[in-house]
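Breakdown of the fold
Next come the chains, spelled out residue by residue.
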Amino acid sequence: MEKEILTFNDLPQVVAQLRDEVMGMRAMLTRQQAESSKPVKENRHKPMTVDEAIEYTHIPRGTMYMKLEDGTIPATKPGRRWILYQDELDKWLETKRRNVVPLTVDEENAAILASHKRKPNKSSWQTGPIVEPSKSNEHESI
C-alpha cells in the first residue's frame, strides 16, 4: 500500500484491499501446511550388502550366510555378492516373530466368538421330559 493521505471515503476500498490480501495469505498458508503435513514415505526398497544387513538385523555373520544359502532370507546373488533389500528384510523379520503383535479388544472378542460357534452333539440333546428322582423313594429304603 502506498503512503498517501486516506480520507473517510477511501476506507471501504482500503479495507477491501486488506481483506483480499489477508485471504490470499491465508490460502497460501493453508496450501503450505497441507503440503508440509503430508507424510514423506521413506524409500525402504534400497539395496544392502550382507554387512549392512548384519548391522541392521544384529544376526551373527555365520547365521546370516547360512540362511542366505538355504533361501530362508529373501536376497539375490547376481554375481559373487549377496544383495538384500531393507523392505524385504523387514517383512521377513515380521513373519518370523515369535511374539505376535497383540490383538485389539475387538479382534480378541471376534476370535473368541469364532471359536465358540459349534453346535452341540445331537446325542447329548434330551428329547423326553426331564424326570427328577422322587424323594419318597429315598425314605422308603431307610
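Only a predicted model underlies this, so the values are computations on that prediction, with no experimental measurement involved.

**Some remarks on the confidence of the model for the protein chain**
Looking at the protein chain as a whole, its pLDDT mean stands at 80, while 73% of the residues score no less than 70. The secondary-structure element of the protein chain with the lowest mean pLDDT is helix α6 (residues 135-140), recorded at 54, while helix α2 (residues 50-57) shows the highest, at 93.

**A short note on the nonpolar core**
Judged by nonpolar contacts, Met48, Val50, Ala53, Ile54, Ile59, Met64, Leu68, Ile73, Trp82, Leu84, Leu89 and Trp92 together constitute the single largest core of 12 residues. Elements with a contribution of two residues or more to this core: α2, α3 (61-69) and α4 (86-95). Considering each element in turn, this core owes the most residues, 3 residues, to α2.

**Focus on unusual backbone geometry**
A positive phi angle, near 65°, is found at His58, a position not held by glycine. Structurally, the position occupied by His58 is in the loop between α2 and α3.

**Section: the packing of α2 against α4**
Where α2 meets α4, the axes come as close as 12 Å, and the angle between the chain directions of the two elements is 40°. Classified by the angle between their axes, α2 and α4 sit oblique to one another. The interaxial crossing formed by α2 with α4 has right-handed handedness. Counting all contacts with α2, which are made through Ala53, Tyr56 and Thr57, the residues of α4 involved are Gln86, Leu89, Asp90 and Leu93.

**Here we look at the pattern of salt bridges**
Enumeration according to the criterion identifies 2 salt bridges in this entry. A salt bridge links Asp20 to Arg19, with the shortest nitrogen-to-oxygen separation between them at 3.3 Å. Using a relative accessible area of 52% as the deciding quantity, one classes Arg19 as exposed. We note a salt bridge from Asp51 to Arg61, for which the minimum N-O separation is 2.8 Å.

**Structural notes on the environment of Gln86**
Structurally, Gln86 can be placed in helix α4. Separated by 30 residues in sequence, Gln86 and Tyr56 place their C-alpha atoms 8.8 Å apart. Setting aside residues no more than four positions away along its own chain, Gln86 makes contact with Arg44, Lys46, Met48 and Tyr56.

Rules of the game
Residues numbered from 1 in each chain as written. Predicted model: local features only at pLDDT ≥ 70, side-chain atom pairs only at ≥ 80, totals over all residues. Heavy atoms only, no water. pLDDT = per-residue confidence, 0-100. Helix = DSSP H or I, 4+ residues; strand = E, 2+ residues; numbered from the N terminus. Core = buried A, V, L, I, M, F, W, Y, C linked by side-chain atoms within 4.5 Å. Buried < 20%, exposed > 50% of the residue type's maximum accessible area, 1.4 Å probe, protein only. Axes fitted to C-alpha atoms, helices over the stretch in contact; angles between N-to-C directions. Parallel < 35°, antiparallel > 145°, perpendicular 65-115°, else oblique. Left-handed = near helix turned anticlockwise from the far one by under 90°. Contact = heavy atoms within 4.5 Å. Salt bridge = Lys/Arg side-chain N within 4 Å of Asp/Glu carboxyl O.

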